[in-house]
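Fold and contact review
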Amino acid sequence: MTAATPVLAPPTSMRVTPTFLIGATLVGLHVVVGLLTLVWTPYDPTAMTGGRLAPPSLAHWAGTDRLGRDLFTEIMVGARIALAVGTGAVAIAAAIGVTIGLLAAFASRTVDDVLAATLDILIAFPTLLLAMLIVAASDGASLGTAILAIGIASSSIVARLTRILARRVLAMDYITAARVSGTGWLGIVRIHVLPNIWPTLIVNFALQFGLAVIAEASLSYLGLGAPPPNASWGRLLQEAQATVYTAPFGAIAPGVALVSLVIGLNLFADGLRDVADPTRRRR
Amino acid sequence: MDDLLTIESLSIRHAGRPLVSGVSLSVAAGERVGLIGESGSGKSLTALAAIGLLPEGMTASGSVRLAGRQVIGATDREVVGLRGAAVATIFQEPLTALDPLMRIGDQIAEVVRRRARRDGRSPSRADVFAEVTGLMARVALPDPARLARAYPHEMSGGQRQRAAIAMALACRPRLLIADEPTTALDVTTQAEVLKLLETLVREENMGLLFISHDLPVVGTAVDRVLVLRAGELVEEGPVAEVFRRPRHPYTVGLVEAARAFDQAIGAAL
């Protein structure tokens, strides 16, 4: 099957809202910092570089943790881990979810009913609990396991959304018209279904990304995420818990990082919808 | 000359309840056939059965031969090839008949390209675009090169229906099924679209199966008319004859209702 090659040039006018700008800036900042840690960090993230539980200073922007490691460095590395987990988990959730959702939408009523019921049961199960079960069932906590667990646990929501959206598109006359003119079901998926459900899906992916970041922090907080010395935000929060009254910055700093990324992702998701959907675009 | 579409004693059932029973009709090349009846009389279902696209859960029996091939009982794979080559459809609501997220030009281009692949050709982008604008000019859309870039929501209802007709024409079908193609349009646009359909059917020597509940519209669009009521054919014949001397009480009612409407307009003028 050949790829759809549009006869016409891509759209030129895009509607960029302040919401989208703020979201994109916050996410962009995290991405830049995360990528930066691959080549440079202020200190070695595992080296003890200062006094223990030191408050923020010029040398240590976010202070140091209980072992004297530079907290700002650890938060920077944490951004990379959060983004890696989010990307991986959303990619897995999208691959599994969209496939199952489309199959259900096209399947006969009986198969669809079974799939829909299974999805409803999976969704009723808390994502975090499911992810914990998957981690517990695997060889042990690692970054890869966390990504896989969160991805699989989030896929049921993507699948259900895809199924509903695809069903709505399939009921349209232009699908019947396409079928009358001899388009097979793969062609219908590629030409009509995916482009039409894409704007809503992409928004959901951005939201799922935020949820995955929180899920990873939660897993790490519980010791089920990336094992130490990986500087996950969840692990930083868990470690700072014991000293939250004496050295509050140890909890505040990773907290701010986590919240700013998730808020950024949600604002970004909101703005994406306006960009992706031409019927919402102002001329 | 073989008929393009031959339906013989078609029955459609849903959950044991008959929706259409014993309908027979045929459309030959260059022939314009009207199927009229009130909402729920089975007009659209008959058309869907003709192209093998009945909704899930409905079963058809009898015989539907499209371009000489049996549709009832055929697998989807067998019918897909047949559909594009033999038949195209135009629907009532042009807004849902067009993909809201695709530019009109791209939607027509998709059909043009599919037909080219079927014929074993691979036209260049420029060729496809030329054919698209050609088709758009054919259905009297203004400024095709510019309008090709428009999304359906940026066009008027009449323009959308013309674009849908252009897509149907792009298949080069031998049979055109028009399911209430003018119902969603205002009266002046209606007349234009009907005239366009008539011209195209004549020039391409297509068969036309025109479905409507609107008597005056059917009267101008077809040569032969069939009246459907509660899933059964109650009357059929040349359009002038049926309208002048309706035999079945239901047809009499339909014609009188339309006449009363005309008189009311005449009195108001």
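Residues numbered from 1 in each chain as written. Chains lettered and ligands numbered in written order. Predicted model: local features only at pLDDT ≥ 70, side-chain atom pairs only at ≥ 80, totals over all residues.

1. Some details on the overall build of chain A
Note the cut-off: To qualify as a helix, a DSSP run of H or I must reach at least 4 residues; to qualify as a strand, a run of E must reach at least 2; elements of each kind are numbered from the N terminus. The exposure scheme places C-beta atoms from the backbone and then counts, for each residue, the other C-beta atoms within 10 Å of its own, assigning buried at 20 or more, exposed at 12 or fewer, and partly exposed in between. C-beta atoms are placed from the backbone for every residue, and two residues are taken to be in contact when these atoms lie within 7 Å.
When its secondary structure is counted, chain A shows 9 helices and 0 strands. Across its three principal directions, the C-alpha atoms of chain A cover 75 × 45 × 30 Å. For chain A, with 283 residues in total, the buried portion stands at 46%. Counted over contacts in chain A with a minimum sequence separation of 6, partners at least 24 positions apart contribute 70%.

2. So, the overall build of chain B
To keep it simple, the criterion reads: For a compact globule the rule gives 2.2 Å times the number of residues to the power 0.38, and the radius of gyration it is set against comes from C-alpha atoms.
Scanning chain B from N- to C-terminus turns up 10 helices and 10 strands. The C-alpha atoms of chain B give 19 Å as radius of gyration, which agrees with the globular expectation for 269 residues (18 Å, within 12%). With respect to the three principal axes, the spread of C-alpha positions in chain B is 55 × 55 × 35 Å. In chain B, which comprises 269 residues, the proportion classed as buried is 46%. Expressed as a percentage of contacts within chain B between residues at least 6 apart in sequence, the contacts between residues at least 24 apart total 66%.

3. Focus: the environment of E239 of chain A
Residues and elements named next belong to chain A. Note on placement: E239 falls in helix α8 (residues 233-240). Taking the number of C-beta atoms within 10 Å as the measure of exposure, E239 has 18 and is therefore partly exposed. Distance from E239 to A146, taken between C-alpha atoms, is 19 Å for residues 93 residues apart in sequence. In contact with E239, other than residues within four places in its own chain, are D65 and R66.

4. Description of the environment of T46 of chain B
Residue and element names in this part refer to chain B. Note on placement: T46 falls in helix α1 (residues 43-50). On the basis of neighbour counts, which here come to 27 C-beta atoms within 10 Å, the residue T46 falls in the buried class. Considered as a pair, T46 and V20 are 26 residues apart in the sequence and their alpha carbons are 7.5 Å apart. The residues contacting T46, other than those within four sequence positions of it, are L10, V20, V23 and L35.

5. Some thoughts on the sheet that holds strand β1 (residues 5-14) of chain B
Residues and elements named next belong to chain B. Condition: Two strands make a pair as long as DSSP finds a minimum of two bridges between them. Whenever a helix is involved, its axis is fitted only over the stretch in contact; in every case the axis is a line through C-alpha atoms, and angles between N-to-C directions fall within 0 to 180 degrees.
Strand order in this open sheet of 4 strands is β2-β1-β4-β5, and the pairing throughout is antiparallel. Edge positions in the sheet fall to β2 (17-27) and β5 (69-70), since each has one partner strand and no second. Pairing between strand β4 (residues 58-66) and β5: 2 bridges, direction antiparallel. Residue pairing across strands places L66 opposite R69, the latter belonging to β5. On the sheet, α1 packs against β1, β2 and β4 and is oriented at approximately 115 degrees with respect to β1.

6. A short note on the sheet that holds strand β7 (residues 175-179) of chain B
The pairing of strands in a sheet happens through backbone hydrogen bonds and is either parallel or antiparallel. All names here are of chain B. The strand order across the open sheet formed by 6 strands is β6-β7-β8-β3-β9-β10, and the pairing between neighbours is mixed. The open sheet has two edge strands with one neighbour each: β6 (87-90) and β10 (232-238). Sheet twist, expressed as the average angle between the axes of neighbouring strands with direction ignored, equals 15 degrees. In this fold helix α6 (residues 157-170) packs onto β6 and β7, with an angle of close to 175 degrees to the strand it touches most, β6.

7. Focus on helix α4 (residues 127-137) of chain A
Residue and element names in this part refer to chain A. This is how the line gets drawn: Directions pointing from the helix axis toward each C-beta atom define the arc.
Buried within α4 we find T127, A131 and V135. Looking down the long axis of α4, one finds its buried residues gathered within 70 degrees of arc, a one-sided arrangement. Set apart from the buried face of α4 by more than 90 degrees, the exposed residues are L129, A136 and A137. Packed against the buried residues of α4 are α5 (143-170) and α7 (185-221).

8. What about the interface of chain A and chain B?
As a reminder, the rule being used: Three categories are distinguished: nonpolar for Ala, Val, Leu, Ile, Met, Phe, Trp, Tyr, Cys and Pro, charged for Asp, Glu, Lys and Arg, and polar for the others, with Gly belonging to the last.
With 22 residues of chain A at the contact, the number on the chain B side is 36 residues. Contributing elements (two or more residues each) for the side of chain A that touches chain B: α6 (173-180) and α7 of chain A. Here the side of chain A that touches chain B gets 6 residues from one element, more than from any other, and that element is α6 of chain A. Across the side of chain A that touches chain B, the residue classes tally to 10 nonpolar, 9 polar and 3 charged.

9. Considering the packing of α4 of chain A against α7 of chain A
Residue and element names in this part refer to chain A. To keep things clear, this is the line we draw: What sets the label is the angle itself: under 35 degrees gives roughly parallel, over 145 gives roughly antiparallel, 65 to 115 gives roughly perpendicular, and the rest give oblique. Each crossing gets its hand from how the near helix is turned against the far one by less than a right angle, where anticlockwise is left-handed and clockwise is right-handed.
Relative to each other, α4 and α7 sit at 55 degrees, their axes nearing to 11 Å. Taken together, the axes of α4 and α7 lie oblique to each other. Of the two possible hands of crossing, α4 and α7 adopt the one that is right-handed. Counted together, T127, L128, A131 and V135 of α4 and A215, S218 and L219 of α7 form the full contact between these two elements. Looking at the contact of α4 with α7 residue by residue, the class counts come to 5 nonpolar, 2 polar and no charged.

10. Describing the pairing of strand β3 (residues 32-36) of chain B
All names here are of chain B. Burial of β3 is extensive: 5 of the 5 residues sit out of reach of the surface. Pairing between β3 and strand β8 (residues 207-212): 5 bridges, direction parallel. By the bridge assignment for β8, R32 is matched with L208. Relative to strand β9 (residues 224-229), β3 runs parallel, the two sharing 4 bridges. Residue pairing across strands places G34 opposite V225, the latter belonging to β9.

11. As for the confidence of the model for chain B
Going by this rule: pLDDT runs from 0 to 100 and stands for how confident the predictor is about each residue.
For chain B, per-residue confidence averages 87 on the pLDDT scale, and 99% of positions sit at 70 or higher. If you check the scores for this complex, the pTM reads 0.79 and the ipTM reads 0.76.

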